[in-house]
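Coordinate inspection notes
The chain contents come next:
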Amino acid sequence: MALQQDEPWAGWIAPWTARNPWGGASSGARAAEPSVVEQRQRSLLDHAYARSAFYRQHHGVAAGDAPRAWADLPPVTKPQLMQHFDDWVTDPAITREGVQSFLADTGKIGSDFLRRYAVWTSSGTSGEPGIFLQDSAALSVYSTLLESRMDRRFATHRWWALAATGAMGPWGMRPRSALVSALDGHYAGVSFWKRQCRFNPVAGSESRAFSVTAPIGQLCDELQAWRPAFIASYPSMLVELARQQEAGRLRLMPLALWSGGEGLAASTRDWIESVFGAPVVNDYGASECLAIAFECPHGRLHLNDDWVRMEPIDAHDQPVPVGTASDSVLLTNLANRVQPLIRYRLGDSVTMHPDDCACGNHRPSFTVEGRCDDTLQFPNAAGEVVHLSPMAITTALEEGADVHRFQLRQTAPDALELRLDVSLSADPAALRAASLEALRHYFLTQGLSVRLSLSDEAPAIDPRSGKLRQVVCAL
């Protein structure tokens, strides 16, 4: 997922789960003490070498060996970790076979594996979906970071107007939240949301999830009936909801909107905010590490540098200067011990800012190149233009056909071409058939008649970014 923040929205449970619901981003926060970070790095390495056969082999050390220089530790990739899954995990009770059996049951989304681990899957745009477990210590860190550092701006001027509609509960103190997301997989966003609802039943009762693949008319009706004070979704879906709001098909009065999973241009944010009259708050995370950074009111992402180490690198794994866009980034999650992530190649392009942010937060700040997929437009039977979020289309295909490396190209106003990578498939013909059927079903539910074709060409890598764009308007 050019941007590997598959389901990054830690804030998707209502903000009233936080101990400080009125707080803002960490204004005045200092950068992490180097000694604290070094101690956590050393502790993580000691734990990995003692309990993970993969890391002992990958780093070429034995338990108790003298530490190597951090820059000398070889990076690691998702395919490597998935290939050596059972040797990577630090709890011998965990096996890939057992985890995959757990993941096969969608009724367990948001439940704990072995009663103590959260399990999340990531997209497979790099060729293979990732499976990531989070232990209780990591989950506690994510929740604490959410409570203390997430930007909590909201449209205070409409609080009582919204409360007067009855959508805020008794005394206006139980605002509703809505999550518009992929719901039928063990993705980090919906899984963490369900887990938070389970541990916070009062706030959970005021939170509902809505499928990103639902027809837009149905989704608007459901959201209007729910009247949420907080709405969380992908930027492309927030754009479509803003279109519906501007056209009068939605009449919502949100206090704030939360965004993640795709890139969000400043101009797009400004337009969404102007339509809804509420701030858009963005964050940055991934299935591998839910709380990498939070955005401040000045639009910068601030790294949680006391729990996350992020190293921007070039194509040869060498550091890039501050202010230079990286080819990728090496991520180290200092909170999670059950699956150590040490110099893990995340794949995102980031640019570190050389100066302190005007918000007063002194933690390192950066921008990230997000997903650059296109929103597609098709005419319905009435001649109206229907906009389709790229996240909605890719979710329908991924969940309907269990395919992960593909490209959809709109080649005419009513035509879509599918390019599949079948190199890892045991039955390419069945995969192609299932993919076309999943797309046909999705377009049928949207009330659209789209001519589908299957290309023999492989998905094309974007020559500028070197990334795979999954949804492209090629008109």
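Anyway, here's the lowdown on the structure attached to this text. (Residues numbered from 1 in each chain as written. Predicted model: local features only at pLDDT ≥ 70, side-chain atom pairs only at ≥ 80, totals over all residues. Heavy atoms only, no water.)

1. Describing the sheet that holds strand β4 (residues 207–211)
Rules: Note on pairing: DSSP must find at least two bridges between two strands before they are called paired. Runs of H or I in DSSP of at least four residues are treated as helices and runs of E of at least two as strands, each being numbered from the N terminus. Every angle, taken between N-to-C directions, lies between 0 and 180 degrees, and every axis is a line fitted to C-alpha atoms, over only the stretch in contact when it is a helix. When checking whether two residues touch, look at their non-hydrogen atoms; a contact exists if any pair is within 4.5 Å.
What the nine strands build is an open sheet, ordered β4-β3-β5-β6-β7-β8-β9-β14-β13; its pairing is mixed. At either margin of the open sheet sits one strand with a lone partner, and together these are β4 and β13 (350–352). If you compare each strand with its neighbour and ignore which way they point, the axes differ by 25 degrees on average. Set on the sheet, helix α12 (residues 266–276) makes contact with β6 (256–259), β7 (280–284) and β8 (293–295); between it and β7 the angle comes to about 140 degrees.

2. Re the pairing of strand β11 (residues 328–333)
Selection rule: When accessible area is computed with a 1.4 Å probe and restricted to protein chains, residues below 20% of their type maximum are described as buried, those above 50% as exposed, and intermediate ones as partly exposed.
Burial within β11 is extensive, with six of its six residues counted as buried. In β11, alternate side chains face the same way, and those of S328, L330 and T332 on one face and V329, L331 and N333 on the other are all buried. Both strand β10 (residues 308–313) and β11 contribute to a ladder of six bridges, which runs antiparallel. Counted as the bridge partner of V308 is N333 from β11. Relative to strand β12 (residues 341–345), β11 runs antiparallel, the two being bridged by three bridges.

3. Looking at the pairing of β6
What counts here: A crossover counts as right-handed when, viewed with the strands pointing away from the observer, the path leading from the first strand over the helix to the second turns clockwise.
Across the two faces of β6 the burial is the same, with A256 and W258 and L257 and S259 all buried. Across four bridges, the pairing between strand β5 (residues 230–233) and β6 is parallel. Within the sheet, the bridge partner assigned to A232 lies in β6 and is W258. The parallel pair β5 and β6, bridged by helix α11 (residues 235–246), forms a crossover whose chirality is right-handed.

4. Quick notes on α12
Spelled out, the test is: Arc definition: directions from the helix axis to the C-beta atoms.
Those residues of α12 not exposed but buried are R269, I272, V275 and F276. The buried residues of α12 all sit within an arc of 130 degrees when viewed along its axis, so they share a single face. The exposed set on the far side of α12, more than 90 degrees from its buried face, consists of A266, S267 and S274. Structurally, α12 contributes buried residues whose contacts are with α11, β6, β7 and β8. Downstream of α12 by a residue or two, G277 has a phi angle that is positive, lying close to 65 degrees.

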